[in-house]
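Here's the letter readout for the chains.
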Amino acid sequence: MRRVVAVDGPAGAGKSTVSRGVASALGLEVLDTGAMYRAATLAVLDAGVDPHDAAAVEAVARRAAIEVSDRVRLDGRDVTEQIRGPEVTGAVSTVSSHPGVRAVLVARQRAWVDERGGGVVEGRDIGTVVFPDAPVKVFLTASEEERARRRHRDEVGARREVEVEQVQAALARRDALDRGREASPMKPADDALVVDTTGRAADDVVAEVVDRWRETVDR
Ligand code: DC
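Residues numbered from 1 in each chain as written. Predicted model: local features only at pLDDT ≥ 70, side-chain atom pairs only at ≥ 80, totals over all residues. Heavy atoms only, no water.

1. What about the pairing of strand β7 (residues 136-141)?
- Where burial is concerned, most of β7 is hidden: 5 out of the 6 residues are buried.
- Strand direction decides the pairing type here: strand β1 (residues 3-8) and β7, joined by 4 bridges, are parallel. The residue bridging A6 from the neighbouring strand is K137, located in β7.
- Note: β7 against strand β8 (residues 193-196), 4 bridges, orientation parallel. When the sheet's bridge partners are listed, V138 is paired in β8 with L193. (Buried < 20%, exposed > 50% of the residue type's maximum accessible area, 1.4 Å probe, protein only. Helix = DSSP H or I, 4+ residues; strand = E, 2+ residues; numbered from the N terminus. Pairing = 2+ DSSP bridges.)

2. Some remarks on the sheet that holds β7
- Across the sheet, which stays open at both edges, the 5 strands sit in the order β2-β6-β1-β7-β8 with parallel pairing between neighbours. Each of the sheet's edge strands pairs with one partner strand only, and the pair in question is β2 (30-32) and β8. Pairwise comparison of adjacent strand axes, ignoring direction, gives a mean angle of 20 degrees for this sheet.
- Across the face of the sheet, helix α1 (residues 15-26) comes into contact with β1, β2, β6 (118-123) and β7 while running at roughly 175 degrees to β6. (Axes fitted to C-alpha atoms, helices over the stretch in contact; angles between N-to-C directions. Contact = heavy atoms within 4.5 Å.)

3. What to know about the side chain of S96
- Turning to its location among the elements, S96 is positioned in the loop between α4 (86-95) and α5 (99-116).
- Among the polar contacts listed, one links the side chain of S96 to the backbone oxygen of S93, at a separation of 3.4 Å. (Polar contact = N/O pair within 3.5 Å; in protein donor to acceptor, adjacent residues only side chain to side chain.)

4. Examining the site of the ligand
- Close to the ligand lie 16 residues, the nearest being R38, R102, R174, D178 and R181.
- Within the side chain of R124, a nitrogen or oxygen atom sits 3.0 Å from an oxygen atom of the ligand.
- In the model, an oxygen atom of the ligand is placed 2.7 Å from a nitrogen or oxygen of the D178 side chain.
- Here the ligand loses 98% of its free accessible area of 440 Å² to cover by the protein chains.
- Residue assignment for the shell around the ligand shows that the elements contributing at least two residues are α2 (33-46), α4 and α8 (164-180).
- For the shell around the ligand, the element with the most residues is α2, which contributes 4 residues.
- Here the shell around the ligand is built from residues that sort into 3 nonpolar, 5 polar and 8 charged. (Near = heavy atom within 4 Å. Areas by Shrake-Rupley, 256 points an atom, 1.4 Å probe, with all protein chains shown as cover. Nonpolar A, V, L, I, M, F, W, Y, C, P; charged D, E, K, R; others polar.)

5. Quick word on the packing of α2 against α4
- The geometry of α2 relative to α4 is characterised by a closest axis approach of 9 Å and an angle of 100 degrees between their N-to-C directions. Here α4 runs roughly perpendicular to α2, going by the angle between their axes. Seen from α2, the contacting residues are Y37, R38, T41, L42, V44 and L45; seen from α4, they are E87, V88, T89, A91, V92 and V95.
- Of the residues in the contact of α2 with α4, the class split is 8 nonpolar, 2 polar and 2 charged. (Parallel < 35°, antiparallel > 145°, perpendicular 65-115°, else oblique.)

6. A few points about unusual backbone geometry
- Positive phi is not limited to glycine here, since D75 has a value of about 50 degrees.
- When its relative accessible area of 52% is taken as the criterion, D75 is described as exposed.
- The backbone of S184 shows a phi angle near 50 degrees, a positive value even though the residue is not glycine.
- Mapped onto the elements of the fold, S184 is located in the loop between α8 and β8.

7. Points about the pattern of salt bridges
- Enumeration over the complete set of coordinates arrives at 20 salt bridges.
- In this structure, the salt-bridge partner of R200 is D204, at a minimum N-O distance of 3.2 Å.
- Taking the relative accessible area as the measure of exposure, R200 reaches 29% and is therefore partly exposed.
- Note on D204: relative accessible area 40%, which makes it partly exposed.
- Here the residues in one salt-bridge network are R2, D114 and D133, joined through shared partners. (Salt bridge = Lys/Arg side-chain N within 4 Å of Asp/Glu carboxyl O.)

Shown next, in the form of structure tokens:
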């Protein structure tokens, strides 16, 4: 059995923080698949391709060398900060709605896990599509207000001046697209542990996921 923890959920639900904590407790690495879709989106924008043009977007994604670890690299260039900017954030849901793009990136996500024998993989469709046989699946949620506050804090930390209302509107729009798309929509797997992180400390949520792992995998 692959040692995979699938961590899905909308923006600001706490996926990255919880994934890092779980990975460190279990001695696994983390793969942020959202960063892969963001890097592919940057490649599309850099190439001057229309994000709605499915065939052209897929071709760009196929050619793009994307490396995701502590830093994110696109064709050897460090794009860690750039992929969190408003241009990429505004186009990423359109780019990731194309089945061809998803096929390219899902194959790379599976290869990444195969090379390591496991990992904590965070995204939107990990438990439903990428690793439906993952022994532990988590779907994180939080109120829209709390998710917007968390993202707003990230934006201010990155020295981007925006109002929390603006962040909340952009987040709601992206969630609706990610949830409503035909290809691999964001939704909890039937056997996912659904955790509302509103008002909860990250450590507490990490402990809950690690407990689930110990109950089901490392007994
Ligand atoms: O996790 P994030 O907010 O950085 O993800 C950015 C976008 O990428 C998200 O709005 C939808 C897309 N995405 C996806 O379609 N499937 C994934 N597994 C991960 C992200």
